[in-house]
Amino acid sequence: MAAASDVSPQSAYIQHHLVHLNNTGEKQSAIAQFDIINYDSLFWSGLTGLIVIFFLWRAASRATAGVPGRFQAFVEMIVDMVDDQAKGIVHNAKSRLFIAPLALTVFLWIILMNALDLLPVDLLPSIWRWTGLGAHHGDPLYYHRVLPTADLNVPMGMSLGVLLLMFYYGIKIKHPGGFVKELFTAPFHAHGIGAVVLAPFNLLLNLIEYAAKSVSLGMRLFGNMFAGELIFMLIALLGGAWTGFNGSSIGLGIGHVLAGSIWAIFHILIVLLQAFIFMMLTLVYLGQAHEGH
């Protein structure tokens, strides 16, 4: 393992930005450990969640039966879009009373969390240094990551919630006996001795299916946002290479501005697309929980 003195300034810069503010004395940069609480991820995911709740509450409280204003029309457009998707996937009208609002909340929540990645990489660290909260090692906010969806714990926690809802609706719709029976009889349906022989294989396949859905749902969101965060950091290094008004620095500075602007514009699509994919897969998985194999 390379010594600390062998780490380049560029590597040290990225490593510093990838460490969470958590409950360990050394501020470990572990991606996902159950005994570590990442306070920064909890704060920003909680804050964005409260903003989404306030946004939806504000829209509902200001809704009128007459000609809607711009704000109400914008919210109604999003609500209608999500509701149409829910109707086409979840055919149980009673279940949609919960699932459709859940999908809407998840969609807006992930958009807001992902949008935090559009903040300049060094904006908050500069504020922490200016206020004295993160100027030196040991300061409260010396380590701080602003993007919750680039912390594997957050997307996997959300996907675990979807998995629990899949079990809930599977048991509710098919009843406990029918749900357990399906675990052992599908997808390879058989009768007599064949059903007994295939039962372990059916159970294994069903468990693998549930695990694959849950893991892929969280990993997809995490992977895309983590990669986007790294690219922003690499682009920030171009600006950090400024050494004065010389040809090399000016070229890197122009490249920094152009690359950052282009990637930020493209990243807006990723922010929206990842939220939409997570919402749609949530609807699909919960819709499948209502159906039999």
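Before going into details, it helps to say that this report is about the structure given with it. (Residues numbered from 1 in each chain as written. Predicted model: local features only at pLDDT ≥ 70, side-chain atom pairs only at ≥ 80, totals over all residues. Heavy atoms only, no water.)

**Details of the packing of aromatic side chains**
- Taken as a whole and judged by the stated rule, the model has 10 aromatic pairs.
- Considering the side-chain rings of Phe 54 and Trp 57, the 5.8 Å spacing of their centres and the 35 degrees angle between planes classify their relative orientation as tilted. In this pair, Phe 54 and Trp 57 both sit in helix H2 (residues 39–61), three residues apart, roughly one turn of the helix.
- When the centroid spacing of 5.3 Å and the interplanar angle of 90 degrees are considered together, the rings of Phe 55 and Phe 71 count as edge-to-face. Taken together, the positions of Phe 55 in helix H2 and Phe 71 in helix H3 (residues 70–89) put the pair 16 residues apart, joining distant regions of the chain.
- Judged by its relative accessible area of 29%, Phe 71 falls in the partly exposed class. (Phe/Tyr/Trp six-rings, centres within 6.5 Å; stacked < 30°, edge-to-face > 60°. Helix = DSSP H or I, 4+ residues; strand = E, 2+ residues; numbered from the N terminus. Buried < 20%, exposed > 50% of the residue type's maximum accessible area, 1.4 Å probe, protein only.)

**Side note on the nonpolar core**
- In terms of nonpolar packing, the biggest core is built from 52 residues, with Phe 107, Ile 110, Met 158, Met 166, Phe 278 and Leu 283 touching the most fellow members.
- It is helix H8 (residues 247–289) that provides the largest number of residues to this core, a total of 12 residues.
- Not counting the four nearest positions on each side in its chain, Phe 278 is found in contact with Val 106, Ile 110, Pro 155, Met 158, Ser 159, Val 162, Leu 217 and Leu 221.
- If you look at the next biggest cluster of nonpolar residues, it comprises five residues, including Ile 14, Leu 18, Met 233 and Ala 236. (Core = buried A, V, L, I, M, F, W, Y, C linked by side-chain atoms within 4.5 Å. Contact = heavy atoms within 4.5 Å.)

**Examining the environment of Ala 212**
- As for its position among the elements, Ala 212 is in helix H7 (residues 193–240).
- Linking Ala 212 and Leu 198, residues 14 residues apart in sequence, is a C-alpha distance of 21 Å.

**With respect to the packing of helix H4 (residues 93–115) against helix H6 (residues 153–185)**
- Packing of H4 against H6 brings their axes to within 13 Å, and their N-to-C directions diverge by 175 degrees. With respect to each other, H4 and H6 are oriented roughly antiparallel. The segment H4 lies against H6, with Ser 95, Phe 98, Ile 99, Leu 102, Val 106, Trp 109, Ile 110 and Met 113 engaging Val 154, Met 158, Leu 165, Tyr 169 and Ile 173.
- The residue inventory of the contact of H4 with H6, partitioned by class, reads 12 nonpolar, one polar and no charged. (Axes fitted to C-alpha atoms, helices over the stretch in contact; angles between N-to-C directions. Parallel < 35°, antiparallel > 145°, perpendicular 65-115°, else oblique. Nonpolar A, V, L, I, M, F, W, Y, C, P; charged D, E, K, R; others polar.)

**A look at helix H5 (residues 123–131)**
- Along H5, the residues that are buried comprise Leu 124, Pro 125 and Trp 128. For H5, the arc enclosing every buried residue in end-on projection is 100 degrees, short of the 170-degree limit, so these residues lie on one face.
- Buried-residue contacts for H5 involve helix H1 (9–17) and H2.
- Phi for Gly 132, located one or two positions after H5, is positive at around 85 degrees. (Arc of directions from axis to C-beta.)

**Considerations on the side chain of His 17**
- Along the chain, His 17 falls in helix H1.
- For His 17, a relative accessible area of 11% gives the class buried.
- In this structure His 17 touches Val 121, Asp 122, Pro 125, Arg 145 and Met 233, once residues within four positions along its chain are discounted.

**A word on H6**
- Over its 33 residues, H6 runs only 34 Å from end to end, short of the ideal 48 Å by more than 12%, given 1.5 Å per residue.
- Remark: the principal bend of H6, roughly 110 degrees, maps to His 175, with a proline, Pro 176, within the next four residues. (Expected span 1.5 Å × (residues − 1). Bend = angle between axes of the 7 residues up to and from the residue.)

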